[in-house]
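# Architecture and fold: a report
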Amino acid sequence: MATKDVAPHNPADPKTDRMIDPKTGEQRVLAPNQSFRSVTETISSIVLTTHTPLGWFFGFVLAGGLIGMLLTAVTWLFLKGTGIWAITMPVAWGFAIVNFVWWIGIGHAGTLISAILLLFKQGWRNSINRFAEAMTLFAVVCAGMFPVIHTGRPWLAIYWLFPYPNSMNVWPQFRSPLMWDVFAVSTYATISVVFWYIGLVPDFGTMRDRAQSKFAKYIYGQLSLGWRGSARHWMRYESASLLLAGLATPLVLSVHTVISFDFAVAVLPGWHTTIFPPYFVAGAIYSGFSMVLTLAIPIRKFYALEDIITMRHLDNMAKVMLATGLIVAYGYSMEVVMAWYSASRWEYFMFWNRMFGPMGWAYWVLITCNIAIPLTTLWSRKLRHNVAYLFAISLIVNTGMWFERFVIVVTSLYRDFLPSSWGTYRATRWDYMTFVGTLGLFTFLFFLFIRFVPMIPMSEIRMMLPQAKVKHDNELPTEAGH
Amino acid sequence: MPMREGIYGLLAEFDTPTELVTAAKAAYAKGYRRMDCYTPYPLEEAAEAIGFDEPQERGVARICLLGGLLGGCAMFSLETWVSVWAYPLNVAGRPLFSWPAFVIPAYEWTILFAGLSAAFGMLALNRLPAPYHPVFNAANFRDGATTDKFFLCLQSDDPKFSSAESRAFLESFRPVSVVEVDH
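This one's a predicted model, so the numbers in the text were calculated from it and none came from an experiment. (Residues numbered from 1 in each chain as written. Chains lettered and ligands numbered in written order. Predicted model: local features only at pLDDT ≥ 70, side-chain atom pairs only at ≥ 80, totals over all residues. Heavy atoms only, no water.)

Here the focus is the overall build of chain B. Across its full length, chain B carries seven helices and four strands. For chain B, the N- to C-terminal ordering of α and β elements is β-α-β-α-α-α-α-α-β-α-β. Since a compact globule built from 183 residues should have a radius of gyration of about 16 Å, the 25 Å found for chain B marks it as more spread out than a globular shape. Along the first, second and third principal axes, the C-alpha set of chain B runs to 80 × 35 × 30 Å. Residue burial in chain B is summarised as follows: out of 183 residues, 51% are buried. A fraction of 77% describes how many contacts in chain B between residues 6 or more apart in sequence connect residues 24 or more apart. (Helix = DSSP H or I, 4+ residues; strand = E, 2+ residues; numbered from the N terminus. Rg over C-alpha atoms; globule rule 2.2 N^0.38 Å. Buried < 20%, exposed > 50% of the residue type's maximum accessible area, 1.4 Å probe, protein only. Contact = heavy atoms within 4.5 Å.)

Take helix 1 (residues 36-48) of chain A next. For an α-helix, the turn length of 3.6 residues means that residues three or four places apart are oriented alike. With 13 residues, helix 1 of chain A extends 17 Å from end C-alpha to end C-alpha; this agrees with the ideal 18 Å at 1.5 Å per step. Approximately 30° is the largest bend angle found in helix 1 of chain A, and it occurs at Thr42 of chain A. Restricting attention to buried positions, one finds in helix 1 of chain A the residues Phe36, Val39, Thr40, Ile43, Ser44, Ile46 and Val47 of chain A. On its buried side, helix 1 of chain A packs onto helix 6 (177-210), helix 7 (214-223), helix 16 (429-452) and helix 17 (458-464) of chain A together with strand 3 (150-155) of chain B. (Expected span 1.5 Å × (residues − 1). Bend = angle between axes of the 7 residues up to and from the residue.)

Residue and element names in this part refer to chain B. Strand order in the open sheet formed by four strands is 2-3-1-4, and the pairing between neighbours is antiparallel. With one partner strand each, in any of the chains shown, strand 2 (35-38) and strand 4 (177-182) form the two edges of the open sheet. Between one strand axis and the next, the sheet turns by 20° as a mean value, whatever way the strands run. Pairing geometry for strand 1 (residues 7-14) and strand 4, over six bridges, is antiparallel. Residue pairing across strands places Leu11 opposite Val179, the latter belonging to strand 4. Packing of helix 1 (residues 17-30) onto the sheet brings it into contact with strand 1, strand 2 and strand 3, and relative to strand 3 it is tilted by some 20°. (Pairing = 2+ DSSP bridges. Axes fitted to C-alpha atoms, helices over the stretch in contact; angles between N-to-C directions.)

Angle between the axes and distance between the axes: these two values describe a pair of packed helices. All names here are of chain A. In contact at an axis separation of 7 Å, helix 10 (residues 311-341) and helix 11 (residues 345-356) are set at 140° when each is read in the N-to-C sense. Viewed along their axes, helix 10 and helix 11 adopt a mutual orientation that is oblique. Here the hand of the crossing between helix 10 and helix 11 comes out left-handed. Contacts between helix 10 and helix 11 involve Glu335, Val336 and Ala339 from the former and Glu347, Tyr348, Phe351, Arg354 and Met355 from the latter. Within the contact of helix 10 with helix 11, the residues separate by chemical class into five nonpolar, no polar and three charged. (Parallel < 35°, antiparallel > 145°, perpendicular 65-115°, else oblique. Left-handed = near helix turned anticlockwise from the far one by under 90°. Nonpolar A, V, L, I, M, F, W, Y, C, P; charged D, E, K, R; others polar.)

This is how it looks when you write it as structure tokens:
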């Protein structure tokens, strides 16, 4: 990403640090001197080992416990109804929508990495592509739960969510943004699964061939669909991948746009603004990249993948965060300017109240976490190369982005037009249990994924190695290709 | 599967993509047509060498376009039918045929159907899933084809194929090995 004319400014000596390319003086995307077999073995052995690390069990059980909490909260919800949550008038949309928007936003970085960066030919994305996409899927699972459970009796809610001929002869209302949401999110979930699975097919072929146990051979063999790496297959495969990337790009932009319509179409101060779609999309990518960092930093350490997920990756992700964070900052400032410029007393009051009202602290938490801390420090190359700092920043931004959605939902609602209808919002323990439970569900699914699925796309990493290129006659033969 | 006489073909194993492409090009020039390259990652040159040009074929792209158009039209028609005929609802006097609002679900379904068509169309054109294929009978194929080796298979149903000559031809490229592949 860095341009070549910027003087390299690395603390390490380029002659001794093998992670620095002597030609450009930049950080390498992959460590040198790796062969097709060595990268394949590094990645596949994490899954095929008979020796599951103890730490994996620890995390898995911990996440499983949180799922227990989620199940308790949801069971109680189904028994008692949504009254156990803090939602009431005037704040009729509480944690459910906050968490929904937060989770789905996190998912967007996965699609951005897998689709948009593929179209932009950003080769470095290959190392983080697979697990960023897995993150998308699991985030969408967590997000999708909230609209379903917030109906209280989901088995009775299908007829107004999906158009199907039912015994009441009632059909959904297609003029409502909430209906658009159903189609945007269900399409997003489906396409993400398909894109992810198609990407996995050749790697499942590798797993089938590398597996030792009969059972693993059989399972991976079925999952690989009999992939054999035929040159004709690869060409069609490549064009399908490109098409899926080309389709996922407008899709991912449309999903958060449609989610922002849920707010922006309502005639309510604080929601009714045209800046919502771009600012929601940027915020989604901002929070998503911070979640990728939250996941990638411990994983590369724990599984010793520093040669494949290198500093270059972390640095690039931090730069994407900086760029999207600046768009988000622009969104925040425009909201304030428009509230003033609109000359609408309702808009003006809403913003004054959002900043200095009883819930003003939440606004300042979001400004601190999303703007003040990350956008001042991520400019520093030294800090971007500090793994511990990046990890801390990623947690801070995740928190800040959650508060952003909280502020948008709650502070726009709790001071209604008439002071007699003013209220407040205080989440109940069931709200917190459900939210923390989905964090557990997400972690649980992620632990399953890193244990049973190759978390880095092996075929794409092989493609990035220098020996993967065909040498033409006019090029001098160099060392053997492996 | 019916029993077949003879072998499926001859499978040559190479260590580098360059050797594979050289051999495949020569085989094509010699008149072999029923052959395939097997590589552990997408290698455009290998497909070109055996005379397969997907950008010209555009099978997947056509299926994808068709699927997308179908999805978009289907959703838009459904929305129109529901809102105008099946369940007309007068909400504050807004027109029943509110087409701008219908565009969004139709757009989503365009992408949904186009994406599913691209993925399943690719699998169908590749005749996958195919759990069995003769090349899997070669032990060195199972070990290397999806990891680090490059294979060229000349099929026995090619009119130019002859066991001895084709083997000598393949061996002239100094492959790691040439093995016969059973059906």
